[in-house]
Amino acid sequence: METPAATPPAQVAAAAPGQPQQATPPVTASGAPTAMPSPAEVAAVVTDAAVRENPCPVDEEEDDEATAATDDEGVSEEGEMQAPLAPAAPAGPLYTADLSDEALTEAWKKDPSTLGSMSIGFVESGRQLNSVRVPDDKDWLVVSPEIAYGTQETVDYVAAAIRAVRAQYPNVPPLRVNRLSTKDGGYLRPHKSHQNGRDVDFGFYYPTAEPVRERERERYIDVAMNWALVRSLVVNTDVQMILVDKRVMKVLYDYALSIGEDKVWLDSLFNAGFNSLIKHARRHRDHFHVRFFNGRAQELGRRVAPLLALQPDQNLMMYRVRNGDTLGGIALRHNSSVVAIKKANRMRNTFLSIGRRLVIPLKGPCTHCPIPPPVQLPPRRLPPQAQTPALVNTAPAASGKLPNPCTPAAPAPTPVAVPTGAPSGLSTGR
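Being a predicted model, the structure only gives us computed values, none of them experimental.

Caption draft 1: Expanded view of unusual backbone geometry. The phi dihedral of N130 falls on the positive side, at around 60°, and the residue is not glycine. Mapped onto the elements of the fold, N130 is located in the loop between strand 4 (125-129) and strand 5 (132-133). N130 gets classed as partly exposed once you look at its relative accessible area, which sits at 23%. Unusually for a residue other than glycine, R346 sits at a positive phi of about 55°. Summarising the element assignment, R346 is placed in the loop between helix 10 (338-344) and strand 14 (357-361).

Have a look at this one:
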């Protein structure tokens, strides 16, 4: 494996495309690894990635099958969009450590398809490359195949989460998988998000395969199966957030508490304010909006940003329309053309709405395009029984690698001390 010199070996975590990503332990200024946070502390953890992608829901409306008539407000991502196009040293794991800068550049020039799925830019102003469609399957129903494209990681997470529910409830009806992104990503009316293959809309589980069309969906859903889905997303995937109406949140929280789920853990998911994993969003009374972290796809998208000009067909930037903008003015400022912009955005006329994100084909390299910072996957918020009770030795092993506190080992009845210098036995698989 070839590792960039800027990334310390102990911080590198490589993974194949579409595979669950690994996490490396946080390290203090003195170089010692920090201890795994307790369940009570999870709610207070604010990861860099969560801050970068300010998940503050506003309005996003859709029905199970019909597109809403008015534009939504999506999910705010403005806090993520402040990084200029400039070299940035990774501050954590490098999820593409199997590719040196030279190997990445060569693959991008020769055949970008060999690199796998890429999540380029931001969920509100981005796109995707080498996307994968959610396959047809007995466990779920793809409602709109033409907008069911995501990164390989996202599609794998969708399958893993739903199949875990099927394993628990063998007679569960198929789940409706609504919107992800278009094949190439970009603006998907009426959403601001759903642009770079990391957002998925799931319908609810009902007692039968036929969805209920009543307004108060929380009175008709199968609460047990929907809680199983939420729990599966939290435990089995690198989920960033789940948006749903607060009335649905309440019945899920009450049910989970009634079957003995740990209250501190539930509060870290539902009632931790900004740090909550499950958040209220208006007009989400009929579906879950789920966003995943994509360690590899996001990191590839960040690393290829300076290389886009080497592939003219992929040399694109995202632009947000401001007051006073005209299509001709935008084309002139960015060395593009009106015809190229209209074609890239499937526009029938030159009318622009303020706030809309446009794909701008470029004729040369973009030296001022914002790009996301290096991605860092936070630890999964596992329930207490899934966390390791072992108080292992946190000193570096003989190999020089640190034990990984982000992924728990199998539960043990009593703590087991690990001799100094011996392998810790902690699993690094996520």
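Structure's up, so let's keep going.
Caption draft 2: View of empty space enclosed by the protein. What the rule picks out here adds up to three cavities of 30 Å³ or more. Approximately 50 Å³ is the volume found for the second largest cavity. What lines the second largest cavity is P173, P174, R176, F204, Y205, Y206, T208, A209, E210 and P211. In terms of residue class, the lining of the second largest cavity is built from seven nonpolar, one polar and two charged.

Caption draft 3: Spotlight on the packing of aromatic side chains. Applying the stated criterion to the full structure yields five aromatic pairs. A centroid spacing of 4.9 Å and a plane angle of 80° characterise the contact between F204 and F288, whose relative ring orientation is edge-to-face. Residue F204 is located in the loop between strand 9 (199-202) and helix 5 (223-236), and its partner F288 is located in strand 12 (residues 288-292); the two are separated by 84 residues in the primary sequence. Here F204 and F288 have matching classes, each one buried. Each ring, one from W227 and one from W265, has its centre 6.1 Å from the other, and the planes form 70°; the classification is edge-to-face. You can see W227 sitting in helix 5 and its partner W265 sitting in helix 7 (residues 263-270), a full 38 residues away along the chain. One exposure class covers both W227 and W265, and it is buried.

Definitions and cut-offs
Residues numbered from 1 in each chain as written. Predicted model: local features only at pLDDT ≥ 70, side-chain atom pairs only at ≥ 80, totals over all residues. Heavy atoms only, no water. Helix = DSSP H or I, 4+ residues; strand = E, 2+ residues; numbered from the N terminus. Buried < 20%, exposed > 50% of the residue type's maximum accessible area, 1.4 Å probe, protein only. 1 Å grid on protein atoms, 1.4 Å probe; cavity = no way out; pocket = protein on both sides within 12 Å on 5 of 7 lines; lining within 4 Å. Points joined across faces, edges and corners; volume = space filled by probe spheres on them. Nonpolar A, V, L, I, M, F, W, Y, C, P; charged D, E, K, R; others polar. Phe/Tyr/Trp six-rings, centres within 6.5 Å; stacked < 30°, edge-to-face > 60°.

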